[in-house]
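# Reading the structure
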Amino acid sequence: METTLGEQLLLLSLDDESGAGRESANVGWAIAGASLVELALAGRITVDGDIVSAIDPSPVGHPSLDAALAAIAGREKPGRAADWIQHLRKDAVAAASAGLVDKGLVREETKKVLGLFPVRRYPEADGSVEAAVRERLDAAVLRGGSPDERTASLIALLHGGGLARLAFPAADTSRAEAAMEAIARGHWAAPAVHRVVESVRATLTVIVTTTVVTTVIAGN
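Residues numbered from 1 in each chain as written. Predicted model: local features only at pLDDT ≥ 70, side-chain atom pairs only at ≥ 80, totals over all residues. Heavy atoms only, no water.

## Considering the packing of aromatic side chains
Taken as a whole and assessed by the stated rule, the structure comprises zero aromatic pairs. Above the ring of Trp-84, the side-chain terminus of Arg-75 is found at 5.3 Å from the ring centroid. Across from the ring centre of Trp-29, 4.2 Å away, lies the NZ or CZ of Arg-89, which sits over that ring. (Phe/Tyr/Trp six-rings, centres within 6.5 Å; stacked < 30°, edge-to-face > 60°. Lys NZ or Arg CZ within 6 Å of the ring centre and 35° of its normal.)

## Re empty space enclosed by the protein
Applying the stated rule across the entire model yields two cavities of 30 Å³ or more. By volume, the largest cavity amounts to about 110 Å³. Elements with a contribution of two residues or more to the lining of the largest cavity: α1 (5–13), α2 (24–41), α3 (63–74) and α4 (81–102). It is α2 that contributes the most residues to the lining of the largest cavity, four residues altogether. The residue inventory of the lining of the largest cavity, partitioned by class, reads six nonpolar, five polar and two charged. By volume, the second largest cavity is sized at about 40 Å³. By residue class, the composition of the lining of the second largest cavity is five nonpolar, no polar and four charged. (1 Å grid on protein atoms, 1.4 Å probe; cavity = no way out; pocket = protein on both sides within 12 Å on 5 of 7 lines; lining within 4 Å. Points joined across faces, edges and corners; volume = space filled by probe spheres on them. Helix = DSSP H or I, 4+ residues; strand = E, 2+ residues; numbered from the N terminus. Nonpolar A, V, L, I, M, F, W, Y, C, P; charged D, E, K, R; others polar.)

## Notes on the pattern of salt bridges
If you walk through the whole model with that rule in mind, you get twelve salt bridges. The residue Arg-80 makes a salt bridge to Asp-83 at a minimum N-O spacing of 3.0 Å. Across the pair Arg-185 and Glu-198 runs a salt bridge whose closest N-O atoms are separated by 3.7 Å. Residue Arg-185 is located in the loop between α8 (173–184) and α9 (191–219), and its partner Glu-198 is located in helix α9; the two are separated by 13 residues in the primary sequence. The network of salt bridges with shared partners includes Glu-181, Arg-185, Glu-198 and Arg-201. (Salt bridge = Lys/Arg side-chain N within 4 Å of Asp/Glu carboxyl O.)

## Quick notes on a nonpolar patch on the surface
Residues Val-113, Leu-116 and Phe-117 make up a contiguous nonpolar surface patch of about 300 Å² in total accessible area. Looking at the secondary structure, you find Phe-117 in strand β4 (residues 117–121). (Patch = residues over 30% accessible without salt bridge, like charges linked within 9 Å, V, L, I, M, F, W, Y side chains within 5 Å. Areas by Shrake-Rupley, 256 points an atom, 1.4 Å probe, with all protein chains shown as cover.)

## What about the side chain of Glu-7?
Relative to the helices and strands, Glu-7 resides in helix α1. Its relative accessible area of 1% is what places Glu-7 among the buried residues. The residues touching Glu-7, leaving out its near neighbours within four places in the chain, are His-62, Ala-95, Ala-96, Gly-99, Leu-100 and Lys-103. (Buried < 20%, exposed > 50% of the residue type's maximum accessible area, 1.4 Å probe, protein only. Contact = heavy atoms within 4.5 Å.)

## Structural notes on the packing of helix α5 (residues 128–142) against helix α6 (residues 149–160)
For the pair α5 and α6, the least separation of the axes is 10 Å and the interaxial angle reads 85°. With respect to α6, the axis of α5 lies roughly perpendicular. When α5 is examined against α6, the residues Val-133, Arg-136, Leu-137, Ala-140 and Val-141 are found in contact with a partner set consisting of Thr-151, Leu-154, Ile-155 and Leu-158. For the contact of α5 with α6, the per-class residue count stands at seven nonpolar, one polar and one charged. (Axes fitted to C-alpha atoms, helices over the stretch in contact; angles between N-to-C directions. Parallel < 35°, antiparallel > 145°, perpendicular 65-115°, else oblique.)

Okay, here's the thing in C-alpha cells:
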C-alpha cells in the first residue's frame, strides 16, 4: 500500500493502542516539510539557496500536494522553505490523518478531555504498513543497508525534526542520529532533489531548535 512520507511520519508518531500522537509539534513540522520533499521527488519544485520555486506546475494526483504545488506556483514572489513549512503545516497534518483513515491503517475516534474538549485519536487498525516502514528504517540506519530514495528522504525528515526516538525507540539515540545524518547527507538522489531535501532538513532543525529554546526560556 503506497503511503506518502507525511503519512509515514504520522504512523510512526501514533501510539498503536490509544492513538495519541507523540512529539506532535515536531511531527507536524516534519509532515509539512514532507510535502515539499514529495514535490521535489515528483520533479515539481526546486530550491535555490532556501528559496522554493515551482519548475513544473502540473498536478501530481494527490489533493493536498496539488494544492501545495498550486500555491507555490501561483506565488508572485518565491518564498523560503521555512515560509512554506509554516504555511503548509495545518493542511498537511490534516491530509496525513485523513489519508491513514481512508487507507484503513488507523481509526478516527473523538474523545473529550476533562469532559469538555473534543480531541481526535487515531488508534491502529492495520499495523502492516508501519511495520514495513520500521523495517526499512532499521535496515538502513541500524544495519547499514542502502536505502531507496523515499526511505532516505524519510530518514532526512526524521533527523531534521529531531524524531530519532520515534523511529528507533530501543536503539542508542546518539548512534541512530549519527547514522541518520550520514544518510541524509549522502548521494542517494539527483542533485536537484537532494538540494530540496537538505534545505527542508536544515530548516526543520532550526525550527525544532528554536522551539525548544523558546520553551525553555518561557518556562524559566
